[in-house]
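Below are the chains, spelled out letter by letter.
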Amino acid sequence: MKAIVLGLIASLFFATSFVLNRSMNLGGGAWMWSAVLRYVWMLPMLLAIVYMRGSARAMWRELRQHLWAWLGWSTVGFGLFYAPLCFAAAFQPAWLVASTWQLTIIAGSLLAPLLWVAAPTPDGPRRVRGRIPLRGIGFSLLIVLGVVVMQAEQVGRVSLGDVLLGALPVLLAAFAYPLGNRKMMELCGQRLDTFQRVCGMTIASMPFWAVLAAYGLATAGPPSLPQVEQSLVVAVCSGVVATLLFFRATDMAHGDAHRLAAVEATQSGEVVFTLLGEIVWLQGALPSAVGLAGIACIVVGMVAHSYSSHRVVRPA
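Please read all numbers here as calculations on a predicted model, not as lab measurements.

## Description of a nonpolar patch on the surface
Reasoning step 1: On the surface, a cluster of nonpolar side chains totalling about 580 Å² of accessible area is made up of Leu-110, Val-155, Leu-160, Leu-164, Leu-168, Leu-171 and Phe-175.
Reasoning step 2: It is helix α8 (residues 160-188) that provides the largest number of residues to the nonpolar patch, a total of 5 residues.
Reasoning step 3: Take Leu-168: it is sitting in helix α8.

## Focus: the packing of helix α9 (residues 194-204) against helix α11 (residues 225-253)
Reasoning step 1: Where α9 meets α11, the closest approach of the two axes is 9 Å, and the angle between their N-to-C directions is 120°. Taken as axis vectors, α9 and α11 run oblique relative to one another. Crossing angle aside, the handedness with which α9 passes α11 is right-handed. Side by side, α9 and α11 meet where Thr-194, Phe-195, Arg-197, Val-198 and Met-201 of the first sit next to Thr-243, Leu-244, Phe-247, Arg-248 and Asp-251 of the second.
Reasoning step 2: Partitioning the contact of α9 with α11 into residue classes produces 5 nonpolar, 2 polar and 3 charged.

## Digging into the packing of aromatic side chains
Reasoning step 1: This model, assessed by the stated rule, comprises 12 aromatic pairs.
Reasoning step 2: Judged by centre distance (5.3 Å) and plane angle (45°), the ring pair of Phe-87 and Phe-91 falls under tilted.
Reasoning step 3: On the basis of relative accessible area, Phe-87 is assigned to the partly exposed category, the value being 23%.
Reasoning step 4: Between Phe-208 and Trp-209 the ring centres are 4.9 Å apart and the planes differ by 85°, which places this aromatic pair in the edge-to-face class.
Reasoning step 5: Aromatic rings pair up to connect Phe-14, Tyr-39, Phe-78, Phe-81, Tyr-82, Trp-101, Tyr-177, Phe-208, Trp-209 and Phe-246 into one cluster.
Reasoning step 6: Directly above the aromatic system of Tyr-82 lies the positively charged group of Arg-38, at a separation of 4.2 Å from the ring centroid.

## Digging into the environment of Trp-70
Reasoning step 1: Topologically, Trp-70 is positioned in helix α4 (residues 67-88).
Reasoning step 2: Put simply, Trp-70 and Ile-203 are 133 residues apart on the chain and 9.1 Å apart in space, counted from C-alpha to C-alpha.
Reasoning step 3: Those residues in contact with Trp-70 that sit more than four places away from it in its chain are Glu-62, Leu-63, Met-184, Leu-187, Cys-188, Leu-192, Arg-197, Gly-200, Met-201 and Ala-204.
Reasoning step 4: Among the polar contacts listed, one links the side chain of Trp-70 to the backbone oxygen of Glu-62, at a separation of 3.3 Å.

## Side note on unusual backbone geometry
Reasoning step 1: For Gln-283, which is not a glycine, the phi torsion comes out positive at approximately 55°.
Reasoning step 2: Tracing the backbone through its elements, the reader meets Gln-283 in the loop between α13 (269-282) and α14 (289-313).
Reasoning step 3: For Gln-283, a relative accessible area of 62% translates into the label exposed.

## Overview of the confidence of the model for the protein
Reading fine detail from the predicted coordinates is not recommended where pLDDT is low.
Reasoning step 1: Here the protein shows a mean pLDDT of 85. Residues at 70 or above account for 87%.
Reasoning step 2: Of all secondary-structure elements in the protein, the lowest mean pLDDT belongs to strand β1 (residues 116-119), at 60, while helix α10 (residues 206-220) reaches the highest, 97.

Definitions and limits used
Residue numbering note: each chain is counted from 1, following its sequence as written. Only residues with pLDDT of at least 70 get local features here, since the model is predicted, and only at 80 or more are side-chain atom pairs given and counted; chain-wide, interface and lining totals rely on the full set of residues. Working from all heavy atoms in the structure, the side-chain values ignore hydrogens and water. Surface patches are defined over residues having more than 30% relative accessible area and no salt bridge, joining like charges when they lie within 9 Å and nonpolar side chains (Val, Leu, Ile, Met, Phe, Trp, Tyr) when within 5 Å. For every accessible area listed, the method is Shrake-Rupley and the probe measures 1.4 Å; residues are considered covered only by the protein chains on display. Within this document, salt bridges are pairs made up of a side-chain nitrogen of Lys or Arg and a carboxyl oxygen of Asp or Glu, the two lying within 4 Å of each other. For the purposes of this entry, the term helix denotes a DSSP run of H or I that reaches at least four residues, the term strand denotes a run of E that reaches at least two, and both are numbered from the N terminus. Throughout, an axis means a line fitted to C-alpha atoms (over the contacting stretch in the case of helices), and angles, computed between N-to-C directions, take values from 0 to 180 degrees. Should an angle fall under 35 degrees it is called roughly parallel, over 145 degrees roughly antiparallel, and 65 to 115 degrees roughly perpendicular, with every other angle called oblique. Helix crossings fall into two classes, left-handed where the near helix is turned counterclockwise from the far one by less than a right angle and right-handed where it is turned clockwise. In what follows, a contact means two residues having at least one pair of non-hydrogen atoms within 4.5 Å. Three classes are used, and their members are as follows: Ala, Val, Leu, Ile, Met, Phe, Trp, Tyr, Cys and Pro are nonpolar, Asp, Glu, Lys and Arg are charged, and the others, Gly among them, are polar. Classification of ring pairs rests on two measures: the distance between centres of Phe, Tyr or Trp rings, Trp counted by its six-membered ring, which must be within 6.5 Å, and the angle between planes, read as stacked under 30 degrees, edge-to-face over 60 and tilted in between. Each residue gets one of three labels from its accessible area relative to the maximum for its type: buried under 20%, exposed over 50%, partly exposed in between, using a 1.4 Å probe on protein chains only. The criterion is that NZ of a Lys, or CZ of an Arg, lies within 6 Å of the ring centre and within 35 degrees of the ring normal, and then a charge sits over that ring. The definition of a polar contact used here is a pair of N or O atoms within 3.5 Å, where within protein one atom must be able to donate a hydrogen and the other to accept one, and adjacent residues in sequence count solely through side-chain atom pairs. A residue's pLDDT is the confidence the predictor assigns to it, expressed on a 0 to 100 scale.

Below you can see the structure in the form of structure tokens.
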């Protein structure tokens, strides 16, 4: 249950990213800089944390020993996660991007067969491929239903092209984030803690951000001062606080596909927090009755998913 509570708190901080990404877009900021600046700001913060904890040497050793794996999975988990979300903010309101992002819940469950978990046997723990948690999938589909309802409503308001440009990048991000996260957990095992792993992934994702920054400079010019300032807030709230809380929660659930799926389901709370933030900060309009019904499906699905998964993992 503690892991689920941490996941909910993380969802509150993650919501700042959706609201401020939309704010930067409405202010004329290029999506590339919204993505790049978050990780540029994150890097010195995370390095300071790791060095103050005296754990930098182990992190650098792991990076050197498995450099290409770090580069690859960090690009997936951070680059292919956050750049598409920033791109989508140009086409849909923050609450709708946050809603579509909840597809990561079912994506995380579907990725289970790609990962190794420890299974008890008479001869001791043995590494086996994970299995899709079917009970969790049932409740995840309720969340997906809410997303589909809200996206379908948008087709009547904007062009189909804008709907796809807002939804498909988020779908990519929904699979990339849990895949990169879990693969790095699998690679690091217990050798690195959450702070070391997040810092190492940020370092290893820098080549991706450098390429994206070059593209942004060539096509949109340098970022404005307000975009730099807002990206700093995103870096602190979403990039550092929320990421560390969420990764800590997934660490606590590591090795149990059902509870791990429940932790990822807590991120549905981002929808409610983002909606409130968009109304207060950006003076956005309330969703229609259909949109609110979709949000209700997501919240109910999250609660049911978490409750069901908690029952599965509770000892007899």
